[in-house]
Amino acid sequence: MRTPLGFIRSYATTLLSDDIEPIDPATQQKFVQIIDEEAAKLQQMIDDLLDASRFQSGRFSLETEIVALGALVEGALARSRPSLEQTGHAVATGHRGGGLRVLVDPLRIEQVLRNLLENAVRYSDPGTSIECVVYRENDEAVVSVADGGDGIPGAEQEAIFEPFYRGESARLRGVRGTGLGLPICRAIVEAQGGRIWVENVPGRGSTFLFSLPLLDDGASPHEEAR
Ligand code: ADP
């Protein structure tokens, strides 16, 4: 949190100081933009910290409802796609098994998905592809997010779900963050009876998966046929 705060203070101080050369409007605009971006990062970190402490103390509520998971994921992707594709990443989706109904808090599930997608962007090269698939496995619905990035060394595959743990890929890429995103995802998914884990696909980065219990025996014949 000190890093974005440091940027905000130093750019604001520069803009306010009148004992240096006047700053041209284009540079002023750039500085204000940096302040805005750093404030957004700081806000995200504060949100993560608040979420993490709420989950740790068990003081959070879920607004659960019956939802069609495929539609929920499609909607979340449509909302996230413009910002994800700013880096030139291509986000593809796939469905195997329509009509998967789950009892979840849709906003919290969208939060998990957004977090996994944002990580996929942060820990892979611009222009590579990210694939999000929803499918059924036995009595669970599974959502996977696969990237073409760094992958996660075997020794880190559990540790990355611990609060404040930052992995090798964060160090290598110099990506800033709190190490709270995945622990929050795990708390949200587990609170709804699911699991979350990561798998490495050789030569294909990492695939994060989360499962949710299916509400009933699944798809109607009409939905299955789609
Ligand atoms: P943060 O990204 O702020 O460090 P997270 O809890 O989201 O926090 O992730 C923990 C660590 O897991 C990261 O520091 C990074 O090393 C690793 N990680 C997460 N997602 C990916 C990914 N898609 N590819 C490679 N490494 C990842």
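Structural data are supplied above this passage.
These notes cover the structure that comes with them. (Residues numbered from 1 in each chain as written. Predicted model: local features only at pLDDT ≥ 70, side-chain atom pairs only at ≥ 80, totals over all residues. Heavy atoms only, no water.)

Focus on the packing of helix 3 (residues 69-84) against helix 4 (residues 106-122)
We count it as follows: To get an axis, a line is fitted to the C-alpha atoms, and for a helix only the part in contact is used. The angle between two axes follows their N-to-C directions and goes from 0 to 180 degrees. Helix and strand definitions here come from DSSP, where helices need a minimum of 4 consecutive H or I residues and strands a minimum of 2 consecutive E residues; each element is numbered from the N-terminal end. Small angles under 35 degrees read as roughly parallel and large ones over 145 as roughly antiparallel, with 65 to 115 read as roughly perpendicular and the rest as oblique. Take the far helix as your reference; a near helix turned counterclockwise from it by less than a right angle gives a left-handed crossing, and one turned clockwise gives a right-handed crossing. A contact between two residues is defined here by any heavy atoms of the two lying within 4.5 Å. Gly is put with the polar residues, along with every residue not named as nonpolar or charged; the nonpolar set is Ala, Val, Leu, Ile, Met, Phe, Trp, Tyr, Cys and Pro, and the charged set is Asp, Glu, Lys and Arg.
Two numbers describe how helix 3 lies on helix 4: the axes approach to 10 Å, and their chain directions differ by 45°. Between helix 3 and helix 4, the crossing angle belongs to the class labelled oblique. Note on packing geometry: the crossing formed by helix 3 with helix 4 is right-handed. Across the interface between the two elements, Leu69, Leu72, Val73, Ala76, Leu77, Arg79, Ser80 and Leu84 from helix 3 touch Pro106, Ile109, Glu110, Leu113, Arg114, Leu117, Glu118 and Val121 from helix 4. Considering only residue class, the contact of helix 3 with helix 4 consists of 11 nonpolar, 1 polar and 4 charged.

Quick notes on helix 2 (residues 25-57)
Convention followed: For a helix, the expected span equals 1.5 Å multiplied by the number of residues minus one. The buried label applies to any residue whose accessible area, calculated with a 1.4 Å probe on protein chains only, is under 20% of its type's maximum; exposed applies above 50%, and partly exposed to all values in between.
The first and last C-alpha atoms of helix 2 sit 48 Å apart over 33 residues, in line with the 48 Å expected at 1.5 Å per residue. Among the residues making up helix 2, those that are buried are Phe31, Ile34, Ile35, Glu38, Leu42, Met45, Asp48, Asp51, Ala52 and Phe55. Contact partners of the buried residues in helix 2: helix 1 (2-16), helix 4 and helix 6 (181-191). With its phi angle positive at about 75°, Gly58 sits one or two positions after the end of helix 2.

Comments concerning helix 3
To keep it simple, the criterion reads: A residue's bend is simply the angle between two axes: one fitted to the seven residues ending at it, one to the seven starting at it.
Between its first and last C-alpha, helix 3 extends 21 Å over 16 residues, near the 22 Å set by a 1.5 Å rise per residue. The largest bend in helix 3 amounts to roughly 30° and is located at Ala78, with the proline Pro82 lying one to four residues further along. Buried residues of helix 3: Leu69, Gly70, Leu72, Val73, Ala76, Leu77, Ser80 and Leu84, and no others.

Structural notes on the site of the ligand
So the rule is basically this: Only heavy atoms are used to decide nearness, and a residue is near a molecule or strand if one of them lies within 4 Å of it. Think of a polar contact as two N or O atoms within 3.5 Å of one another; within protein, one of them needs to be a possible hydrogen donor and the other a possible acceptor, and neighboring residues in sequence only count if both atoms come from side chains. The Shrake-Rupley method, run with a 1.4 Å probe sphere, supplies the accessible areas, and residue values consider only the shown protein chains as cover. Definitions used for this entry: grid spacing 1 Å over protein atoms alone; cavity, a set of points where a 1.4 Å probe fits but cannot get out; pocket, an open set with protein on both sides within 12 Å along at least 5 of 7 lines; lining residue, one with an atom within 4 Å of a point. Assignment to a cavity or pocket requires that more than half of a molecule's atoms be within 2 Å of the site's grid points.
If you check the shell around the ligand, you find 22 residues, and the closest are Tyr123, Asp147, Arg166, Ser169 and Leu182. Contact between the ligand and Ser169: an oxygen atom at 2.8 Å from a side-chain N or O atom of the residue. Taken by itself the ligand offers 540 Å² of open surface, and the protein chains cover 98% of this. Structurally, the ligand is housed in the largest pocket. Every element with two or more residues in the shell around the ligand is listed here: helix 4, helix 5 (168-173), helix 6 and strand 7 (206-213). When its residues are assigned to classes, the shell around the ligand shows 10 nonpolar, 9 polar and 3 charged.

None of the figures reported here should be taken as evidence of function without further support.
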